[in-house]
Amino acid sequence: MISKRIVLKFPHRLADQPIVCNLVKYFDLEFNILKAYIIPKEEGLLILGLSGEEGNYNKGINYLKELGVIVQSLSQGIIQNSTRCTHCGVCITVCPTQALILDSHTRKVHFYENKCIACELCLPACPLRAMEVHY
Amino acid sequence: MTKTITEINEKISKGDVVVVTAEEIINIVEEKGVEEAAQEIDVVTTGTFGPMCSSGTYINIGHAKPRIKLGGGACYLNDVPAYCGFAAVDIYLGCTQLPDNDPRNRVYPGKFEYGGGHVIEEFVAGKDIKLTATAYGTDCYPRKKLETWINIKDVNEAVLFNPRNVYQNYNVAVNLSNKLIYTYMGALKPGLGNANYCSAGQLSPLLNDPLYITIGLGTKIFLGGGVGYVAWQGTQHNPTAKRKDNDTPCVLAGTLAVIGDLKQMKPEWLRGTSFQGYGTTLTVGVGIPIPILNEEILRYTAIKDKDIYAPIVDYSEAYPQVKPGVLGEVSYEELKSGKIVVQDKEVPTASLSSYSKAVEIAEILKDWIKQGQFLLTEPVASLPGPESGLTFKLLKERPIE
Ligand code: SF4
Ligand code: SF4
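Residues numbered from 1 in each chain as written. Chains lettered and ligands numbered in written order. Predicted model: local features only at pLDDT ≥ 70, side-chain atom pairs only at ≥ 80, totals over all residues. Heavy atoms only, no water.

All names here are of chain B. Applying the stated criterion to the full structure yields 16 salt bridges over all chains. Here lysine 336 makes a salt bridge to aspartate 305, at a shortest N to O gap of 2.9 Å. Of the two residues, lysine 336 is situated in helix H5 (residues 332-336) and aspartate 305 in the loop between helix H4 (295-301) and strand S22 (309-314); the sequence distance between them amounts to 31 residues. On the basis of relative accessibility, which here comes to 12%, the residue lysine 336 falls in the buried class. (Salt bridge = Lys/Arg side-chain N within 4 Å of Asp/Glu carboxyl O. Helix = DSSP H or I, 4+ residues; strand = E, 2+ residues; numbered from the N terminus. Buried < 20%, exposed > 50% of the residue type's maximum accessible area, 1.4 Å probe, protein only.)

Structure follows, in structure tokens:
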């Protein structure tokens, strides 16, 4: 048995297909949707708890990847390095879950870990490399 | 009511100078009016902290024993190539330079984790830097190879010399295409997915002295956490750019070339910076004091975000192909609200330059002046202003037969 929390990013063309149901149908996996974000006409984002027999689990993940879904693991290992962060704000429009917010009063960027889904989009987007992942 | 720089400097020396930041001046003028504020306030400090690609440092590493002439050879600092086409041991490192083996955009989008800007940050921080060089050897400079650590405290000179910094206003970058693009204005999402801007607006140095009345050649400034000077107008200085009634340009306009002793600067104000898919650069902190010589100058420093406009430019087609036309104009107040409207679509905004750090710079400069550590300078010559007729030209390509 294997059970993981993962982040799936769907390109627009796949957003309306029953992909997750197929994971159950073809690979006998169980899923639990933690969060879903669908941005109309853009990409979709799904965070799942996914479990099943190991071989099936790996086949399921491969099936997703072959379809063009980006699969990432969810982790709480994301931190904002306060000595590197300049509070520019580049990351705020990159973060899909509004875990990075510019305080309009202090003009500082706050990181709300509880909203972070560890998608890691902010890591390469931050010009100061202040967002770090520590697994 | 007029004052001179000499009078203001006397006040600084006596410790009774009145200094406020370009943000604080806004409310003061609203409360007291221009006339009273101009009497009371002696200096307004400005600040900006953003990526500035035309930045670099020249270093005289000192003569080796036996001697080596790097000029005409090759030289690397932490594997990043430095320019050595000067006298024997003078080298220049630009912030956008990359190690030869960096994959660049071959794996798209390139990460650009380390380049000249990062070397400069580490050098200023006092870290040892690996220098490797090869030369062809001469009778007076026989050596052909050099490999050593260098440290900022040991080199003869280390000077930050940036040919173009402190842009007076900048574009707001958007993407009209249907694919994600990676630019020097950050990653731009398709279909107007986001809008990135890069100016401190009401706190930005050249927006507080839009006609370059007080800022000129030789003006003493805050540069990279230390003291520097305006050396010249920056490259692409474009004083004849379109302006609003309040004289602030509503497109890219003036720029400054700045210089200062790197040895007294601080790594927190000179940061190696990486733009995914684009390259490396240096985020530079600059602060410029504006002497309130008269009411006109004060009125300029009281400019507000809502009265400064920036052009919205498509970076998928118009910018790279140099096509005319902008998608509109927005004020910095709108940009800082977090969203703007472009072609009837609400677009979230983000800044590349840090407003909170710009405030910090203006505050530091204010403290230096109040504590009598920083006297103001009279410019030795003016920057070319709108009357100069100077404009910014594109390259006219001519075929080589
Ligand atoms: S992009 Fe990086 S430096 Fe800028 S606010 Fe976000 S975490 Fe901080
Ligand atoms: S990893 Fe970064 S971009 Fe992704 S949710 Fe967390 S903070 Fe936002």
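Residues and elements named next belong to chain A. There is a patch of like negative charges on the surface, built from Asp28, Glu30, Glu53 and Glu54. Mapped onto the elements of the fold, glutamate 30 is located in strand S2 (residues 30-38). Looking at glutamate 30, the relative accessible area reads 58%, which means it is exposed. (Patch = residues over 30% accessible without salt bridge, like charges linked within 9 Å, V, L, I, M, F, W, Y side chains within 5 Å. Areas by Shrake-Rupley, 256 points an atom, 1.4 Å probe, with all protein chains shown as cover. Lys, Arg positive; Asp, Glu negative; His and termini not counted. Charge placed at Lys NZ, Arg CZ, Asp CG, Glu CD.)

Residues and elements named next belong to chain B. Of all hydrophobic cores here, the largest spans 50 residues; its most connected members are Ile61, Leu77, Ile91, Phe123, Leu131, Leu256 and Leu262. Per element, the largest residue contribution to this core is four residues, and it comes from helix H3 (residues 116-124). When residues are assigned to domains, this core turns out to be shared by domain 1 (5-52 + 165-382) and domain 2 (56-160), each giving three or more. Among residues more than four places away in sequence, those in contact with isoleucine 91 are Thr57, Tyr58, Ile59, Ile61, Leu70, Cys75, Leu77, Ala82, Tyr83, Cys84 and Leu131. In this structure, Val17, Ala200, Tyr355 and Leu365 belong to the second largest nonpolar core, which totals 37 residues. (Core = buried A, V, L, I, M, F, W, Y, C linked by side-chain atoms within 4.5 Å. Domains from an automatic or database assignment. Contact = heavy atoms within 4.5 Å.)

Turning our eyes to something else, we now look at the environment of Ala350(B). With respect to the helices and strands, Ala350(B) occurs in strand S25 (residues 345-351). With residues up to four places along the chain from it excluded, the contact list for Ala350(B) reads Gly89(A), Val90(A), Ile92(A), Thr93(A), Ala195(B), Asn196(B) and Tyr197(B).

Moving on, we come to the interface of chain A and chain B. With 21 residues of chain A at the contact, the number on the chain B side is 28 residues. Here chain A and chain B share an interface that buries about 1,800 Å² over both sides, 48% of which is from carbon and sulfur atoms. It is Thr93(A), Arg107(A) and Arg129(A) that lose the most area in chain A upon contact with chain B, and together they represent 33% of the buried surface on that side. For the interface between chain A and chain B, the tally reads two salt bridges. Between Arg84(A) and Glu121(B) there is a salt bridge; the shortest N-O distance is 2.9 Å. At the surface where chain A touches chain B, the tally comes to 11 residue pairs in polar contact (both at pLDDT 80 or more). (Buried area = accessible area lost by both parts, 1.4 Å probe. Polar contact = N/O pair within 3.5 Å; in protein donor to acceptor, adjacent residues only side chain to side chain.)

All names here are of chain A. Taken domain by domain, chain A holds domain 1 (2-73) and domain 2 (77-134). Facing the eight residues of domain 1 at the interface are eight residues of domain 2. Around 550 Å² of area is buried between domain 1 and domain 2 when both sides are counted, 59% of it from carbon and sulfur atoms. If you sort the residues of domain 1 by the area they bury against domain 2, Lys35, Tyr37 and Leu45 come out on top, with a joint share of 44%. Inspection of the domain 1/domain 2 interface yields zero salt bridges. For the interface between domain 1 and domain 2, the tally reads zero residue pairs in polar contact (both at pLDDT 80 or more). Breaking the side of domain 1 that touches domain 2 down by element, the ones donating at least two residues are strand S1 (2-10), S2, strand S3 (44-52) and strand S4 (70-73). Counted by class, the side of domain 1 that touches domain 2 contains four nonpolar, two polar and two charged residues. (Nonpolar A, V, L, I, M, F, W, Y, C, P; charged D, E, K, R; others polar.)

For the rest of this paragraph, the subject is the site of ligand 2. Surrounding ligand 2, one finds Cys95(A), Pro96(A), Thr97(A), Ala99(A), Leu100(A), Phe111(A), Cys116(A), Ile117(A), Ala118(A), Cys119(A), Glu120(A) and Cys122(A). Partitioning the shell around ligand 2 into residue classes produces 10 nonpolar, one polar and one charged. (Near = heavy atom within 4 Å.)

Another aspect to go through is the UniProt feature "domain: Homocysteine biosynthesis enzyme sulfur-incorporation" (unreviewed entry) in chain B. The sites that UniProt annotates as "domain: Homocysteine biosynthesis enzyme sulfur-incorporation" (unreviewed entry) are residues 17-376 of chain B. The span residues 17-376 of chain B shows a helical share of 15% and a strand share of 33%, and its end C-alpha atoms are spaced 12 Å apart. (UniProt positions renumbered as here; feature names shortened; annotations may be inferred.)

Moving on, we get to the packing of aromatic side chains. Residues and elements named next belong to chain B. Scanning the model with the defined rule gives 16 aromatic pairs over all chains in all. A ring pair is formed by phenylalanine 222 and tryptophan 269, whose centres lie 5.9 Å apart and whose planes are at 80°; its orientation type is edge-to-face. Pair noted here: phenylalanine 222 is in strand S16 (residues 220-223) and tryptophan 269 is in the loop between strand S18 (256-261) and strand S19 (270-275), with a separation of 47 residues, a long-range link. For the pair shown, phenylalanine 222 and tryptophan 269 are each scored as buried. Following the ring pairs from residue to residue traces out a cluster consisting of Tyr167, Tyr170, Tyr184, Tyr278, Tyr315 and Tyr319. Lysine 220 extends its terminal NZ or CZ atom over the ring of phenylalanine 374, reaching a point 4.5 Å from the ring centre. Over the ring of tyrosine 309 we find lysine 244; its NZ or CZ atom is 4.9 Å from the centre of that ring. (Phe/Tyr/Trp six-rings, centres within 6.5 Å; stacked < 30°, edge-to-face > 60°. Lys NZ or Arg CZ within 6 Å of the ring centre and 35° of its normal.)

Turning our eyes to something else, we now look at the side chain of Thr46(B). All names here are of chain B. With respect to the helices and strands, threonine 46 occurs in the loop between strand S2 (43-45) and strand S3 (48-51). A polar atom in the side chain of threonine 46 sits 2.7 Å from the backbone oxygen of isoleucine 288. Those residues in contact with threonine 46 that lie beyond four places of it in its chain are Ala22, Leu203, Ser204, Pro205, Asn208, Val286, Gly287, Ile288, Ile290, Ile361, Ala362 and Leu365.

Residues and elements named next belong to chain B. As far as domains go, chain B holds domain 1 (5-52 + 165-382) and domain 2 (56-160). Computed over C-alpha atoms only, the centres of domain 1 and domain 2 are separated by 31 Å. Each partner contributes residues to the interface: domain 1 has 27 residues there, and domain 2 has 30 residues. Summed over both partners, the interface of domain 1 with domain 2 comes to about 2,000 Å²; 64% of that surface belongs to carbon and sulfur atoms. In terms of surface lost to domain 2, no three residues of domain 1 exceed Leu262, Lys263 and Thr280, which account for 34% of the buried area on that side. Connecting domain 1 to domain 2 are zero salt bridges. If you list the elements that add at least two residues to the side of domain 1 that touches domain 2, you get strand S12 (181-183), S18, S19 and strand S20 (279-287). No other element matches S19, which puts six residues into the side of domain 1 that touches domain 2.

Now for the sheet that holds S2(B). All names here are of chain B. Taking strand neighbours across the sheet as the criterion, the three strands line up as S1-S2-S21 in an open arrangement whose pairing is mixed. The open sheet has two edge strands with one neighbour each: strand S1 (19-21) and strand S21 (289-291). Between one strand axis and the next, the sheet turns by 25° as a mean value, whatever way the strands run. Alignment of S2 against S21, held across three bridges, turns out to be antiparallel. (Pairing = 2+ DSSP bridges. Axes fitted to C-alpha atoms, helices over the stretch in contact; angles between N-to-C directions.)

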